[in-house]
Amino acid sequence: YAVYLATKSIAYGLRNLLKCKEGACEKNLDFQPWKLLEAIKTMHFTEGSGEFYFDKFGDSITGYDLIQWVMHDEFTKFKTVGQYRLQDNNIHIHNDAFKS
């Protein structure tokens, strides 16, 4: 999921940098990498129920999912049990996170 969000962030940054509108973009692909970073810092998008954006330093301020590793004999299942929210420095645990 993190790779998906990173790819989407880059896509939004490119769309802003190349001034894309209604499927048409400027064809100037000769830009410095830092220009793309600047464009990414200004983007803001929603995915599912979460908002994703970056601060002026390019750091994600969205937060992190808290993942429980449930180990079985032959496989491991990853279960999202909560989130850490950077905006309010708060950990939220889902009510049913640890029920059997």
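Rules of the game
Residues numbered from 1 in each chain as written. Predicted model: local features only at pLDDT ≥ 70, side-chain atom pairs only at ≥ 80, totals over all residues. Heavy atoms only, no water. Helix = DSSP H or I, 4+ residues; strand = E, 2+ residues; numbered from the N terminus. Rg over C-alpha atoms; globule rule 2.2 N^0.38 Å. Buried < 20%, exposed > 50% of the residue type's maximum accessible area, 1.4 Å probe, protein only. Contact = heavy atoms within 4.5 Å. Areas by Shrake-Rupley, 256 points an atom, 1.4 Å probe, with all protein chains shown as cover. Lys, Arg positive; Asp, Glu negative; His and termini not counted. Charge placed at Lys NZ, Arg CZ, Asp CG, Glu CD. Disulfide = S-S within 2.5 Å. Pairing = 2+ DSSP bridges. Axes fitted to C-alpha atoms, helices over the stretch in contact; angles between N-to-C directions. Salt bridge = Lys/Arg side-chain N within 4 Å of Asp/Glu carboxyl O.

A few words now on the overall build of the protein chain. Helices and strands together make up the secondary structure of the protein chain, namely two helices and five strands. Mapped in sequence order, the helices and strands of the protein chain form the string α-α-β-β-β-β-β. Here the C-alpha atoms of the protein chain give a radius of gyration of 18 Å, more than 25% beyond the 13 Å that 2.2 N^0.38 yields for 100 residues. Counting only C-alpha atoms and orienting by the principal axes, one finds that the protein chain spans roughly 55 × 35 × 25 Å. When each of the 100 residues of the protein chain is scored for burial, the buried share is 20%. Across the protein chain, every contact between residues at least 6 apart in sequence was considered, and the portion connecting residues at least 24 apart equals 27%. In the structure as shown, the protein chain presents an accessible area of about 8000 Å², 55% of it carried by carbon and sulfur atoms. For the protein chain, the distance from the average site of its 12 positive side-chain charges to the average site of its 13 negative ones is 5 Å.

All right, on to the state of the cysteines then. Across all of its chains, the model carries one disulfide by this definition. Paired by a disulfide, C20 and C25 hold their sulfur atoms 1.9 Å apart. One quick way to see it: the torsion about the S-S bond of C20 and C25 is about 110 degrees, and its sign makes the bridge right-handed.

Across the sheet, three strands lie side by side as β3-β4-β5; this open sheet has antiparallel pairing. Of all strands in the sheet, those with a lone pairing partner are β3 (64-71) and β5 (90-93), marking the two edges. Averaged over all pairs of adjacent strands, the angle between their axes in this sheet comes to 35 degrees, without regard to strand direction. Summarising the sheet, strand β4 (residues 76-85) and β5 pair through four bridges and their orientation is antiparallel.

A separate point is the side chain of S9. Within the element layout of this structure, S9 appears in helix α1 (residues 2-17). Residues contacting S9, with those up to four places away along its chain left out, are I40, M43, F45 and F54.

Right, let's talk about the pattern of salt bridges for a bit. The full count for this structure, using the stated rule, is two salt bridges. Two residues, K8 and E47, come together in a salt bridge whose shortest N-O distance is 2.5 Å. Placement of the pair is K8 in helix α1 and E47 in strand β1 (residues 44-47), with a sequence separation of 39 residues. Look at K8 and you get buried, because its relative accessible area is 19%. Among the salt bridges present, the one from K41 reaches E38, with a minimum N-O distance of 3.5 Å. Separated by three residues within a single helix, K41 and E38 lie in helix α2 (residues 33-42), roughly one turn from each other. On the basis of relative accessible area, K41 is assigned to the buried category, the value being 18%.

Geometric descriptors of this kind do not, in isolation, establish any biological role.
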